[in-house]
Number of protein chains: 2
Amino acid sequence: MALVKDALHIPLSRAWEILEKSVRPLPSVRSSIGECSGRILARDVISPRNIPHYNASAMDGYALSSGDTPGALPSSPVRIEKGRFVWVNTGGEVPPPFDGVVMTEDAFLTEEGDLSIVKSVVSGENIRPLGEDVLSGSVIARKGDSITPVLSALLAAAGVGEAEVFPLPRTLYIPTGNEIAPLGEWLALDPPPPGRVGETNSLLVKGYFDRWGFPLDVAPCLPDDPEIIGAFLEEQAPLYDMILVSAGSAKGERDYTFEVFEQRGRPLFRWLLMKPGRPAAAALLQGKPLINLPGFPMSTAVILWSLVFPALQLLSQGSFDREKVLSEAALAVGRTDVSLLQTYSSSRGKEEWVRFKCAEIDGRRRGYPLPSAAGSLLPLAEADGLALFPLESAEKPRESLIPLMLLRDVPWRERILFSGSNDPAFERIVTFARKRGGDIILRSVGSLGGLASLLRRECHAAACHLLDGTTGEYNTPFLQQLFGQDLPGIRRRLLFYRLQGMILKKGNPLNILSVEDLARKDVSIINRQPGAGTRVLLDYFLSRKGIPAGSIRGYDVQCATHFDAANRVALDFADAAFGIKSAADALGLDFLPLAEEPYELVYRIEYDDHPGITALLEALEDREWREEVDRMGGYRWPEE
Amino acid sequence: MALVKDALHIPLSRAWEILEKSVRPLPSVRSSIGECSGRILARDVISPRNIPHYNASAMDGYALSSGDTPGALPSSPVRIEKGRFVWVNTGGEVPPPFDGVVMTEDAFLTEEGDLSIVKSVVSGENIRPLGEDVLSGSVIARKGDSITPVLSALLAAAGVGEAEVFPLPRTLYIPTGNEIAPLGEWLALDPPPPGRVGETNSLLVKGYFDRWGFPLDVAPCLPDDPEIIGAFLEEQAPLYDMILVSAGSAKGERDYTFEVFEQRGRPLFRWLLMKPGRPAAAALLQGKPLINLPGFPMSTAVILWSLVFPALQLLSQGSFDREKVLSEAALAVGRTDVSLLQTYSSSRGKEEWVRFKCAEIDGRRRGYPLPSAAGSLLPLAEADGLALFPLESAEKPRESLIPLMLLRDVPWRERILFSGSNDPAFERIVTFARKRGGDIILRSVGSLGGLASLLRRECHAAACHLLDGTTGEYNTPFLQQLFGQDLPGIRRRLLFYRLQGMILKKGNPLNILSVEDLARKDVSIINRQPGAGTRVLLDYFLSRKGIPAGSIRGYDVQCATHFDAANRVALDFADAAFGIKSAADALGLDFLPLAEEPYELVYRIEYDDHPGITALLEALEDREWREEVDRMGGYRWPEE
């Protein structure tokens, strides 16, 4: 069956309309009270019992008739005959005709077995009467209420042994792809061969289902073969309420999933106007929803939130709340607005998911977007919040307010935003600052970029290693230029010296022995971004040796971190890169030392008492961190 | 071993200090990546692999050398010889020496097997280079991070098969008490005999452990016997990291738990300055924490939050955050301040947990406390939020701002607060209003109380059935007195007529046949609270018959709802009560009809467009609701 035209390249709202029309709710089910924790009630619960279900004594004491007690006082005790009172424990029944309880402290037994009391009792005193907490016949929980731990205990106490709850749809997840290695095999491959991809999406999908409280089965991975996929779908459809098929969703040579949907079922829609998440599709097979998840993990997450969770709501309770469904699906813990730290250009004509890191700076919540690759989960794992930019949005200027779904509790008060030069040793400090009650987020923008952020009050702290080509002096000339001669309001702290030099291929096959060799025709380099201290160092050496930058092959090709640069040398994109020794060491590359440079922390005096800054300063003294850094190599501590 | 003095009757902060000193963290454990969803990382994770781990094509196309492509344009295609290019699928490897990929759309194969391209390619184009998403050697997750679905997939993609995580302490929960019926037995008892209590606390405890993500075993219920409890504890202690003992914590005749703690272990503290939750205690046995939970369910919940969850944090990660631990433990979804709708007197010298219902009225978040009984879970199940009033707080006047931990997402915009007369039929409307996107919370304050609330703008809507003794007219005279002759700004809506009369014991053993009979010496009644329409009706009949209120036995004994009144008749506390037929019917009591009264909804015109009001008005037409009400008996619909 072919798709109608308005079901191709559609916005999410249209996909939801189609799902709402096509996906029928499953009938509600009765579930025993011990098994239905977390489920949603499908109807009101009327209490069948009173709580308590009898007149219960509220304390240890003697049950008696209040009419026997008037006038009892310490000065004139009243004696109550044997047989006209009875001992009751806390929670025990006050049997008729008794209508009150006297505390042990106000009564004692005489030798004759009578009771002498020093306090009169009114009718109902120290009794929890039948139905005091819950009256039989009253509504104790309503349709739509979640069965919390408290509610399940309450229902059981009221004698409710089973509750009618919304069903848990059974879902099957099917990974597909010739290139996919099952998880166990993937983890054992060391290194995995090129072209193989680990079947890790099922962890993502299963993880979300677990958190949502819905069951999920994971099928073995199927090859890119429409016959096999189609036959498997038809075989499994009777056993499940929904089936998810991963990958095969684009328009490549081996992408068959939608073809199978069309051949075997009734297609509902294909392609969302969404980034990432575009190559998604849905169909009905034997009346059950089929959803095609894109293969890239970030796209998978997006489609889980956007289509799968709403479909689960439709199956289990017949509807979903358009305003809340996405933040529930993404497991958001709240909402906040942040003001953009940089201009963001989103794709007009597409809804776009953007991952943000946030910090509070000078009392304002600020945020910046993380890289947007569909293939990568790292930005999502690191994100504090998610924004879904609507179809019509285009460029958002700096300072625009962005509404975020918060994915974690951001420690606004304790967190500092560090912007500056990338350093693998400093990267490790975060855990040690957290141990001391602070939090740090690291934004790699290069030495100059960090100082500029600090100047614009767009971070709390920066770090730099900037060589002034004229004076040969590090950092100070740049700081003075930005902040003024005496650096008013600025604190500096030398963290360590690190060895800079040339990162070269293992064994140095091109025999590069000096900066001059970079000008050779057979040598190409990878450079760092403008403003990076490492690029400044390269420029310094080039100008000292009189080598024009234009004569260096690859001078204009950039990357953003030491590791990135070293990686590109390792993978033959370049023969040499400027960078630090620890990056070369980590990848087993050769290294030609050229300079030892000071790596300096810079922040504003007014943040002296910021919990993030104090934690950072303390963490810098942490022996465990220093030992880690020593093991990395290429670092030297300043003399104390 | 006996307790030191400063460990008796202590505030929570002191109990925490003692736990922090006494409870040692368990060693961290390695857990396979498929098993550690939701766990907390015990150390930083450094990526052992690059993602991607090879140069991957970003699309279906031809891998080639960028150096072969300059000048390619639709008008002047460039031909690339067989052998100098290779087909790649999306995600496939771009093998060396190739450094770019041309899209299929920009290339076609010639008959000779060469490739003709119409677009030049730069180095790296359409390639996801090795390490683009994650660089090997970089920190991808940190100690203290929770392993979300996203993070577990990311770790697996990076080749991390096991993570070092904080341990899950093994906890045993032991119910005790001679009066306790196991859950299955309890649910089967119909009716349960007086004095028996269902073992429902284990559902509460297990429910919280499940939500917290910690395992829990539940032991069979032990009798109130110190020898048996003590021997069982010593036998189980080697198998668990923590043991919880329920009940036996007060100072009654059968309360042995602390005695056992003292005899067998090292007691840590007893009695908290907390309400509810006072009878709690802790000890160490074989180095393992023992915690005594009070038997009352609300007190159990409070001690789970206050002591058990913090102890789990200490066992699993060595510390807890004092500011956040209670709201995490109570599964709070957020925080908000509400302004009190009524004065609240809390107990000076005790920390007090108070359960609140909330609504937004005229743009302000308001709240009122629910009943505070330690024995009842209903107020906790109904609560929107929790406050913990500090030791030193006493009376909080109306309008005081109270900081709440929110236990659910309150639909502030959709919710109305209804204050007024209690009616079992109207009570059922909530579910039908929710179905229409509104929400209603019901506060029983009587007819007059509701109108006064509406006047003070402390609710959105009220309902009344108030008979004016002088005119015999319902409602209007009272409304005019409060809101002015023409009722400016007020809307009224007659909901139904209901049958009022006398609720009498089954079979009417005292042969009560008229209001006059209430004055008999052998007859006692239960009355409703001042301001209740039902009390007004009683007063009307008494005054018409010339019977002085003082001559009626029980006239001054009050209760708050029709069901409560009927219950007290059913349980022999009174012989008669004024109330509606449906309450008598529900409990199988006799009913003597005396009047049919209009039950009228009253609200302010300005709330006409409030989503809660519109949903309520629509729900009033719901056939399903009307059928339910018809089944209750004693109601008549106004003619349309």
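Residues numbered from 1 in each chain as written. Chains lettered and ligands numbered in written order. Predicted model: local features only at pLDDT ≥ 70, side-chain atom pairs only at ≥ 80, totals over all residues.

Here the focus is the overall build of chain A. When helices and strands are counted, chain A shows 18 helices and 38 strands. The C-alpha radius of gyration computed for chain A amounts to 35 Å, which surpasses the reference 26 Å derived for 640 residues by more than 25%, pointing to a less compact arrangement than a globule. Across the 640 residues that make up chain A, the buried fraction comes to 53%. Here the analysis covers contacts within chain A between residues at least 6 apart in sequence; of these, 75% occur between residues at least 24 apart. (Helix = DSSP H or I, 4+ residues; strand = E, 2+ residues; numbered from the N terminus. Rg over C-alpha atoms; globule rule 2.2 N^0.38 Å. Buried ≥ 20, exposed ≤ 12 C-beta atoms within 10 Å, placed from the backbone. Contact = placed C-beta atoms within 7 Å.)

Residue and element names in this part refer to chain A. In this structure, Pro-191 follows Asp-190 across a cis peptide bond, with omega equal to 0°. Note that Pro-191 resides in the loop between helix H3 (183–188) and strand S16 (197–198). For the bond running from Lys-275 to Pro-276, omega is -10°, close enough to zero to count as cis. Note that Pro-276 resides in the loop between strand S20 (274–275) and strand S21 (281–285). Phi is positive for Asn-475, which is not a glycine, with a value near 70°. Summarising the element assignment, Asn-475 is placed in the loop between strand S32 (461–464) and helix H13 (476–483). Since 23 C-beta atoms lie within 10 Å of it, Asn-475 is described here as buried.

Another aspect to go through is the relation of the copies chain A and chain B. In screw terms, the move from chain A to chain B is a rotation of 180° and a rise of 0.0 Å along the axis, fitting with an RMSD of 0.1 Å. Interpreted geometrically, this transformation is the action of a two-fold axis. Of the interface residues in chain A, 98% have counterparts in chain B that sit at the interface too, so the contact is made through matching surfaces. (Least-squares fit on C-alpha atoms with pLDDT ≥ 70 in both.)

For the rest of this paragraph, the subject is the interface of chain A and chain B. Counting residues at the interface gives 87 residues for chain A and 86 residues for chain B. Ranked by the residues each element gives to the side of chain A that touches chain B, the list is headed by helix H2 (residues 149–157) of chain A, at eight residues. Among the residues forming the side of chain A that touches chain B, the class breakdown is 40 nonpolar, 29 polar and 18 charged. (Nonpolar A, V, L, I, M, F, W, Y, C, P; charged D, E, K, R; others polar.)

Now for the environment of Asp-622 of chain A. Residues and elements named next belong to chain A. Here Asp-622 shows up in the loop between helix H17 (611–619) and helix H18 (623–632). The partly exposed category is assigned to Asp-622, around which 17 C-beta atoms lie within 10 Å. Note: C-alpha distance between Asp-622 and Gly-252 (370 residues apart in sequence) is 52 Å.

Our next topic: the sheet that holds strand S5 (residues 61–64) of chain B. The pairing of strands in a sheet comes from backbone hydrogen bonds and takes either a parallel or an antiparallel form. All names here are of chain B. One open sheet holds the three strands; their spatial order is S7-S5-S8, and the pairing between them is antiparallel. Both outer strands of the open sheet, strand S7 (85–88) and strand S8 (100–103), are each paired with one neighbouring strand and no more. Looking at each pair of strands side by side, their axes are set apart by 35° on average, direction ignored. (Pairing = 2+ DSSP bridges. Axes fitted to C-alpha atoms, helices over the stretch in contact; angles between N-to-C directions.)

Residue and element names in this part refer to chain A. The mixed open sheet is built from seven strands, whose spatial order is S1-S19-S21-S22-S18-S14-S17. The sheet terminates laterally at strand S1 (8–10) and strand S17 (216–218), the two strands that pair on one side only. The mean angle between the axes of side-by-side strands here comes to 25°, regardless of whether they run parallel or antiparallel. Direction of pairing for strand S14 (residues 171–174) relative to S17: parallel, over a ladder of three bridges. Across the sheet, the residue bridging to Thr-171 is Leu-216, located in S17.

This next bit is on the environment of Asp-539 of chain B. Residues and elements named next belong to chain B. Its place among the elements puts Asp-539 in helix H14 (residues 533–545). Judged by the 17 C-beta atoms lying within 10 Å of it, Asp-539 is partly exposed. Considered as a pair, Asp-539 and Gln-485 are 54 residues apart in the sequence and their alpha carbons are 25 Å apart.

Let us look at the nonpolar core. With 181 residues, the main nonpolar core has Leu-154 of chain A together with Ile-503 and Val-569 of chain B as its most contacted residues. Among the elements that line this core, the one with the most residues is helix H7 (residues 297–317) of chain B, at 13 residues. Listed in part, the 178 residues of the second largest apolar core include Leu-341, Leu-377, Cys-464 and Ile-526 of chain A. (Core = buried A, V, L, I, M, F, W, Y, C linked by C-beta atoms within 7 Å.)

Right, let's get into the environment of Gln-558 of chain B. All names here are of chain B. Looking at the element boundaries, Gln-558 is found in strand S35 (residues 558–559). Remark: the alpha-carbon pair of Gln-558 and Val-308, spanning 250 residues in sequence, is separated by 39 Å. Gln-558 has contacts with Asn-527, Arg-528 and Gln-529, leaving out every residue within four places of it along the chain.

In this section: the domain arrangement of chain A. Segmenting chain A into domains produces domain 1 (5–25 + 169–327), domain 2 (29–51 + 133–165), domain 3 (56–128), domain 4 (332–410) and domain 5 (495–636). The gap between the C-alpha centroids of domain 1 of chain A and domain 5 of chain A is 43 Å. (Domains from an automatic or database assignment.)

Where helix H4 (residues 201–212) of chain A meets helix H2 (residues 149–157) of chain B, the closest approach of the two axes is 8 Å, and the angle between their N-to-C directions is 160°. One finds that H4 of chain A runs roughly antiparallel with respect to H2 of chain B. Two packed elements cross with a definite hand, and for H4 of chain A against H2 of chain B that hand is right-handed. Contact residues: H4 of chain A offers Asn-201, Leu-203, Leu-204, Gly-207, Tyr-208 and Arg-211 of chain A, while H2 of chain B offers Pro-149, Val-150, Ser-152, Ala-153 and Ala-156 of chain B. (Parallel < 35°, antiparallel > 145°, perpendicular 65-115°, else oblique. Left-handed = near helix turned anticlockwise from the far one by under 90°.)

What follows concerns H2 of chain B. Residues and elements named next belong to chain B. Burial runs high along H2: nine of the nine residues are buried. Listed in full, the buried residues belonging to H2 are Pro-149, Val-150, Leu-151, Ser-152, Ala-153, Leu-154, Leu-155, Ala-156 and Ala-157. Taken from the residues just after H2, Gly-159 is the one with a positive phi, measuring 85°.

So, about the pairing of strand S30 (residues 415–420) of chain B. Residue and element names in this part refer to chain B. Within S30, six of the six residues are buried, which leaves the element mostly enclosed by the surrounding structure. Side-chain alternation along S30 places Arg-415, Leu-417 and Ser-419 on one buried face and Ile-416, Phe-418 and Gly-420 on a second face that is also buried. Where S30 and strand S31 (residues 439–444) come together, six bridges link them in parallel fashion. Bridge pairing in S31 links Phe-418 to Leu-442. Direction of pairing for S30 relative to strand S32 (residues 461–464): parallel, over a ladder of three bridges. Across the sheet, Ser-419 pairs through a bridge with Ala-462, a residue of S32.

Bringing the pairing of strand S37 (residues 590–604) of chain A into the picture now. Residues and elements named next belong to chain A. Relative to S37, S32 runs antiparallel, the two sharing four bridges. Looking at the pairing, Ala-461 lines up with Tyr-603 of S37. Examined bridge by bridge, strand S33 (residues 490–504) and S37 share 14 bridges and lie antiparallel to one another. What sits directly across from Arg-491, in S37, is Tyr-603.

Bringing the confidence of the model for chain A into the picture now. Across chain A, the average pLDDT comes to 92, with 99% of residues at 70 or higher. Scoring of the predicted complex yields 0.89 for pTM and 0.89 for ipTM. (pLDDT = per-residue confidence, 0-100.)

Turning our attention to the packing of H4 of chain A against helix H7 (residues 297–317) of chain A. Residues and elements named next belong to chain A. Remark: H4 packs on H7, axes separated minimally by 11 Å, with the N-to-C direction vectors making an angle of 35°. Between H4 and H7 lies a crossing of right-handed hand. Residues Asn-201, Leu-204, Val-205, Tyr-208 and Trp-212 of H4 touch H7, and the partners they reach there are Pro-297, Thr-300, Ala-301, Leu-304, Phe-309 and Leu-312. Class assignment for the residues of the contact of H4 with H7 results in nine nonpolar, two polar and no charged.

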